[in-house]
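# Summary of structural features
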Amino acid sequence: MWIENWLYTLPLRLRSLIRRERLDADLDEELRDHIDRQIEENLARGMSKEQARLAALRTFGNLVSLRGQTHETWSGAWLEQIGQNFRYAIRSARRAPLLSAMAILALALGIGLDTGVFTMLNAMFLRAPTLVDPASFVQLCPRYSGWFTGADQNSAFTTEDFDAIRSHSHALNEVAAQQQYAAFVEEGNKYITTLLATCNYFHVLGIDRPLMGRFFASEECKRSNRAQVAVLSEPLWKHQFGADPRIVGKTIHLNGVPVAVIGVAPSDAANYLLGGVFVPYTLEPQLNRAQDLLASPDTPWLSMIGRLRAGFTRDDARAELMAVMNRQDRAYVERKVSAFNRKTTLAITNGSFIENPNVHNLVLGLMVLMLGPLALILLLACSNVATLFLSRTLARRGEIAIRLAMGVSRSRLAGMLLTESLLTVFIGGTLSMVLAYRVPLLIMNTMAAGQANFVVLLHPDWRVFGYLAILMAAATILSSLMPIRAAWKLDLLTALKGREGAVTVRSRTTSGLIATQIALGFVLVCAAVLFGRIPGLIRSMNPGFEIHQTLAVPVDVNTSGNNRAKAEAFYQALEAKLLATPGVQSMAYASVQPFNQPSPEEIRLPRQAKGTGQPATVDDVSSSFFSAFGIRVLRGRVFLPGEVGSTGTGPVAVVSQAFANQFWPGGDPLGKTIVMPDDHHLTVVGIVADTRSERFGVLDGPRVYTLRSASALGGNLYVRFLGGAKPLETAVRDAVKSLDPTQTIAPQTIWESLEDQADGMTSLAHIILVMTSIALLMAVAGVYGVLSFAVNQRTREFGIKMVLGASRAVVFRSVLLRAIKSIAIGLMCGLAIAEPAMLLFNRLLTRSPFPLHRFDATVFGASAVLLTAVSLIAMYLPAIRAMRTDPIQVLRTE
Amino acid sequence: MSKPSDLIQGTLDLLVLKILALEPLHGWALSQRLKQISGDVLQVSDGSLYPALHKLEQQGWIHAEWRPTENNRRAKFYSLTRLGRRYLEKEAANWERSSTAISGVLRLTEV
């Protein structure tokens, strides 16, 4: 029955879809015929001609509405409606081209920036790092419990674990391992990310065709072989080696180790390659002279990726590898290398950053932080478009009223307005694709201008398009809500009579719009001020110690076992040479580098049990440290040359002011005893001033200085000098090189390395500044738009006020006052958004040297002033216009 | 004008089908017939017949055809299809059943 029915009506349905005009004409003729017959009937009853016609029409009912209802019974009615809506939308867009163009531009900017950054984040964080068969790609993430701190630890694999997994796994048909390492290419003081990788690394990532040369051969990763070969990434090759076409076969130096370039990896895979230079992982001991991780059975250092064998799932692999790791755990504990009762659990992920439990929260936080402000920009764009549409809807209220009077249903009207928004958003969204492609490249080129080993490859996938669709849907709805509401609430009678005054938009709507725009703008301006301030902050701060006249002398020496004698000789010779260099005043060692975050250790008072102490930073320094760094001594004394080191029997320590305040508030710390994490008891002999060496411009927390053992080797070496930095840097480098030509890191004053950091932050600040400028422009345009709209609405009111005796100043003030109230509300709301955002940001950055206060009054204050000033300018013109209202003109239209 | 009750309104389709089962008619004639039969119970404007007719046509219960009428005019005549006849029988039976049940209940409450 159903099928028969369907077959029977099919031609009819098709006809009603395709031959719409014919059906329309048919219907018209049918209805006319009906009315004609009714007129005839009425005439026959003896009515006059005119009476008969009117009576016939009356009994027939609302012709327009009935025709509409009949239309709706035809199949494909909805399609026709959509078509009509679109035609209507296009017509009304063409009628106000400037307004439509503005709306489209605002949305294109808003959506484009947002989608662009999402595309970048998607490529970086959300996708599996391979283009070839991502379904079989896995990353192994171990998590160790039983760590001595009590907390679980996400970490890496030891060389032994890697060997065990590689040789025992059936579920994975290939396993690769890799570790990032910062190394110097040739000479300089900029690190290049070097990847120590197994020789199948490229293959596992699905990269099988080098741009030139070849990738590693498997025998180059034999432990006994230690082949000194390297593959370069295309960006590094272009940037650092000027795209030298004969690079293959040349020898470059990594941390002074000569390696032969055998190939270049193409950049279309480069965003999946985590480094600029690739070397076999067996080269680790040569590159990193401090520690031989390759031979250490107990130090986790390798990250592992792999490919599932066909027919195996990630769960299979997990079960199998957990068994392998359990055996490894038992062996580890039996070896009793440390007190660590290792117990491993594994997570097998698709290889994307977001799935890696180690960085999951960080990535998530970063994405929220980057996309959040962009969502605000989009919201701003939406509220601008909403204002434009709202003013258009109200300008057309006569037309809308007539439509309603003619029998168009309000829901149909809402559909029409929604389609107008949809059309605008759709065009804007399409245009935004252009931007979406440009934005990531622009950002990366600005950010990594100096490094250039980062090229983001954009393969928009379902996530990007899904995100775009969500943005567009949200924009459509947000920008059409208010016009629809205005049309819905339209009072038919007053609108038809043209009594505009009775149907002005409520002032709540306009002040709400202004407040929203100010709030959104405020949050973004806060971000800009925050970041814009950082480079200046870095350059202008006083850390409490000398940075311009203190030179870091980076040396990379293998101090382990059999090389110890050589290392000792090297350091002795170096110290002698440095002290003999003209200009050098003193020389010092420290274990903590300035502007790196050292992890605090637990310091106790003598009767405190382990675990009840308080955290403090421990800096193991040589006796000349305080004079070399120019740190003021407040009380007592500092270490004496020749005083026995802390690891020996001479138990003395110097503490910072903050430490003294924390441990003995109000008491006298001199002569008191503290207990180090290794249970050594130290006597406090001096108090020194606090420095700002951890975060820029922020006083350090409690800090203990211990005396470096005279026999200690390594550590960070600093030289205090007089005179210009440049000649001394050259002299020091020459001194180092004359002793060991393989040393490649150039010395830098602490100030110079800070400058580098500031430069990095400057480019980030530029990006944020550009984005904020766009946002600010939108906010200002929005405020201007809303206010001029509101002023237009109230022209009549102003006119009447003036007739009744209000001066122009009163009108001017009334406009401005109301707007200022909205600004104030907006600022409050903005603060309510900005403060939690700041908190989140702060939590993410706890390990970075950038200072962020919980409530940064400077940032908030500066942003508020800037925003208020700019929006007052935007308000000036509409307010002036209100003031110039001509009462006569107004009353004439009355 | 008081609103016709929903029950009667809902049966408009059924009435139209029943009338068309007797003979093919054009819209105006159908409306006259409806008024004649139902008296003033069915207070709908003439025009509201057309959405109903077009819906029935789309559903395949009735068939429309332009036919010449008197004085060199033509009108759209509606006739019942085979499917429509079957549907009418089924619906009429349904109506019969439910109206018997309802009037039974109503009589009960009056006692």
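To be clear, the structure that these remarks concern was listed above.
A brief report on the enclosed structure follows. Remember, predicted model here, so these are calculated numbers, not experimental data.

A word on unusual backbone geometry. Residues and elements named next belong to chain A. Backbone geometry places D133, a non-glycine residue, at a positive phi of 45 degrees. Judged by the 11 C-beta atoms lying within 10 Å of it, D133 falls in the exposed class. We note that A243 has phi near 50 degrees; this positive angle belongs to a residue other than glycine.

Let's shift gears to helix α11 (residues 314–335) of chain A. Residue pairs spaced three or four apart in an α-helix point in one direction, given the helix's 3.6 residues per turn. Residues and elements named next belong to chain A. Spanning 22 residues, α11 covers 31 Å between terminal C-alpha atoms, matching the ideal 32 Å at 1.5 Å per step. Listed as buried for α11 are A317, L321, M325, Q328 and Y332. What you see down the axis of α11 is that its buried residues fit within an arc of 55 degrees, all on one side. Those residues of α11 that are exposed and angled more than 90 degrees off the buried face are D315, A323, R327, R330 and E334. Against the buried residues of α11 lie β1 (137–145), α7 (159–168), β3 (172–183), β10 (303–308) and β11 (343–349).

Turning to the sheet that holds strand β2 (residues 62–68) of chain B, a few remarks are in order. All names here are of chain B. In spatial order, the strands read β1-β3-β2; together these 3 strands make up an open sheet with antiparallel pairing. Since the sheet does not close on itself, it has two edges, and those belong to β1 (25–26) and β2, each with one partner. In this sheet, strand β3 (residues 74–80) lies alongside β2 in antiparallel orientation, the contact comprising 7 bridges. Following the sheet pairing, I62 is matched in β3 by L80.

Moving on, we come to the environment of A:I305. Residue and element names in this part refer to chain A. For I305, the location among the structural elements is in strand β10. Sequence separation of I305 and L172 is 133 residues, and the distance between their C-alpha atoms is 9.7 Å. Once residues within four sequence positions are removed from consideration, I305 is found in contact with V138, Q139, A176, V204 and G351.

What follows is about the sheet that holds strand β21 (residues 716–721) of chain A. Residues and elements named next belong to chain A. Strands sit in the order β13-β21-β12-β22 across an open sheet of 4 strands; the sheet is antiparallel. Looking at strand neighbours, the two that pair on one side only are β13 (584–590) and β22 (748–749), the edges of this open sheet. Sheet topology places strand β12 (residues 550–553) next to β21; 4 bridges connect them, and they run antiparallel. Within β21, the position partnered with L551 by the bridge is V719. Here helix α21 (residues 725–739) sits on the sheet in contact with β12, β21 and β22, set at roughly 25 degrees to β12.

Residues and elements named next belong to chain A. Counting residues in each nonpolar core, the largest one holds 157 residues, and the members touching the most others are L107, I377, A381, F522 and C526. Per-element accounting of this core gives the leading share, 18 residues, to helix α17 (residues 507–540). Core analysis: the next-biggest nonpolar cluster, separate from the first, contains 60 residues, V138, F184, A265 and L302 among them.

Residues and elements named next belong to chain B. In contact at an axis separation of 11 Å, helix α3 (residues 27–38) and helix α4 (residues 49–59) are set at 115 degrees when each is read in the N-to-C sense. In this view, α3 runs roughly perpendicular relative to α4, as classed from their interaxial angle. By crossing handedness, the relation of α3 to α4 is classed as right-handed. Judged by residue contacts, G27, L30 and S31 of α3 engage L49, Y50 and L53 from α4. Here the contact of α3 with α4 is built from residues that sort into 4 nonpolar, 2 polar and no charged.

Reading guide: rules and limits
- Residues numbered from 1 in each chain as written.
- Chains lettered and ligands numbered in written order.
- Predicted model: local features only at pLDDT ≥ 70, side-chain atom pairs only at ≥ 80, totals over all residues.
- Buried ≥ 20, exposed ≤ 12 C-beta atoms within 10 Å, placed from the backbone.
- Helix = DSSP H or I, 4+ residues; strand = E, 2+ residues; numbered from the N terminus.
- Expected span 1.5 Å × (residues − 1).
- Arc of directions from axis to C-beta.
- Contact = placed C-beta atoms within 7 Å.
- Pairing = 2+ DSSP bridges.
- Axes fitted to C-alpha atoms, helices over the stretch in contact; angles between N-to-C directions.
- Core = buried A, V, L, I, M, F, W, Y, C linked by C-beta atoms within 7 Å.
- Parallel < 35°, antiparallel > 145°, perpendicular 65-115°, else oblique.
- Left-handed = near helix turned anticlockwise from the far one by under 90°.
- Nonpolar A, V, L, I, M, F, W, Y, C, P; charged D, E, K, R; others polar.

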